[in-house]
Amino acid sequence: MKTLSYEKYLDKVYGCFLGKTVIGTLGAPYEGIKMPLELPFSPEMINTMLPNDDLDLQVLWLDVAEKYGPDFTSDQLLERFVTHCDYSPGEYAIMRKNWLRGIHAPASGSFCNDYYTEGMGCPIRSEIWACLAPLDPERAADFSERDGVLDHWGESVYAERFFAALEAEAFSVDEHTCDLYALIDAGLAAVPDECRFRELVEDTVALCRRYDGVKLILRKILFRYGHPDCTNMFQNIGITLTALLKGGLDPIKTGMDALNCGFDTDCTCATLGAILGIIDGASGIPEKWKAPLGDKIVTMCIDKTWGGIWVPQTCT
């Protein structure tokens, strides 16, 4: 049986969300650009924390899990979102409207949601479940499914299960013992044998084994899995896995490779930062990247006195 000391666990959880924040901040300003980029890295790109709804919801989910324990329900998560979040981009608006119609999970993620049902909204929320079930990929995946069905159905839920399981398994390794292909296999064990998402993962792994160039692999992924929605998870998870496998466990190179592929860049970069943060732990992240973040989370809220626009709000 695999074991993990509390000190190591704490370091990896802290590393997970530091990594998500630091590398996610690389991608946040360029979210939605549906074309490859050629941006050079500059330290100024990560000298402050940018708010991100993908992190906001995980803070809410943690509060639900602390209140209700491991038997928390999808409805408890959705009720917390509806009562505590004013913003509703994309599929969030659909799950909110469905809840107000009296349509609860899992139907809240499938009813009237054809365009967004395969979005990145739930795969990007996987980390909290891995952190609540470290070394237990199956349980992490099962937790994540209660989340995924709030605003997605089918393939995107499989994707969240995949990342939750991969990240839970990542608690068992460090930068010296890490086998990324083995982590991917752990993630695939949590998804059905017959689904398009598994095909995406297997195709991307095969392309990464065959080719060296990230942009070449990107073209081949887009040829088969491209979608007009910049948040569609097929192209974005193809990008995420390509950058992960080609980045050499270097967070900045990995994040910049994902960023320069375009599309849902805040999500692709943030997921990579979280995975590498779990592997390295907070102690493995250079102080120069951590220092600008301090010890607070910048969350998103809507200030109605400013005409209902999004503004950052800092909390401990």
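Reading guide: rules and limits
Residues numbered from 1 in each chain as written. Predicted model: local features only at pLDDT ≥ 70, side-chain atom pairs only at ≥ 80, totals over all residues. Heavy atoms only, no water. Helix = DSSP H or I, 4+ residues; strand = E, 2+ residues; numbered from the N terminus. Rg over C-alpha atoms; globule rule 2.2 N^0.38 Å. Contact = heavy atoms within 4.5 Å. Phe/Tyr/Trp six-rings, centres within 6.5 Å; stacked < 30°, edge-to-face > 60°. Buried < 20%, exposed > 50% of the residue type's maximum accessible area, 1.4 Å probe, protein only. Salt bridge = Lys/Arg side-chain N within 4 Å of Asp/Glu carboxyl O.

Caption draft 1: How the structure looks around the overall build of the protein. If you tally the helices and strands in the protein, you get 14 helices and two strands. Scaling as 2.2 N^0.38, a compact globule of 316 residues should have a C-alpha radius of gyration of about 20 Å, and the protein matches this with 18 Å. On the principal axes, the C-alpha backbone points of the protein span a range of 50 × 45 × 40 Å. Expressed as a percentage of contacts within the protein between residues at least 6 apart in sequence, the contacts between residues at least 24 apart total 71%.

Caption draft 2: Examining the packing of aromatic side chains more closely. A full pass over the atoms with the stated rule returns eleven aromatic pairs. Residues Tyr6 and Tyr9 carry aromatic rings whose centres are separated by 6.4 Å and whose planes lie at 45° to one another, so their mutual orientation is tilted. Separated by three residues within a single helix, Tyr6 and Tyr9 lie in helix α1 (residues 6-27), roughly one turn from each other. With a relative accessible area of 55%, Tyr6 lands in the exposed category.

Caption draft 3: Representation of the pattern of salt bridges. Across all of its chains, the model carries 15 salt bridges by this definition. Note that Asp142 is salt-bridged to Arg161, the shortest N-O span being 3.0 Å. With Asp142 in helix α6 (residues 137-148) and Arg161 in helix α7 (residues 155-170), the pair connects residues that are 19 residues apart, well separated along the chain. Asp193 is paired through a salt bridge with Arg198; the nearest N and O atoms lie 3.6 Å apart. For Asp193, a relative accessible area of 62% corresponds to the exposed category. Classification of Arg198 as buried rests on a relative accessible area of 12%.

Caption draft 4: Spatial organisation of unusual backbone geometry. In this model, Ala105 is joined to Pro106 through a cis peptide bond whose omega is 5°. Within the fold, Pro106 resides in the loop between α4 (91-101) and α5 (127-132). Look at Leu135: it is not a glycine, yet its phi comes out positive at around 70°. Tracing the backbone shows Leu135 in the loop between α5 and α6. Although it is not a glycine, Leu249 adopts a positive phi angle of roughly 65°. Among the secondary structure elements, Leu249 is positioned in the loop between α11 (233-246) and α12 (251-259).

Caption draft 5: Examining the environment of Lys288 more closely. By the secondary structure assignment, Lys288 is in helix α14 (residues 287-290). Taking relative accessible area as the criterion, Lys288 reaches 59% and is therefore assigned exposed. Considered as a pair, Lys288 and Ile46 are 242 residues apart in the sequence and their alpha carbons are 9.8 Å apart.

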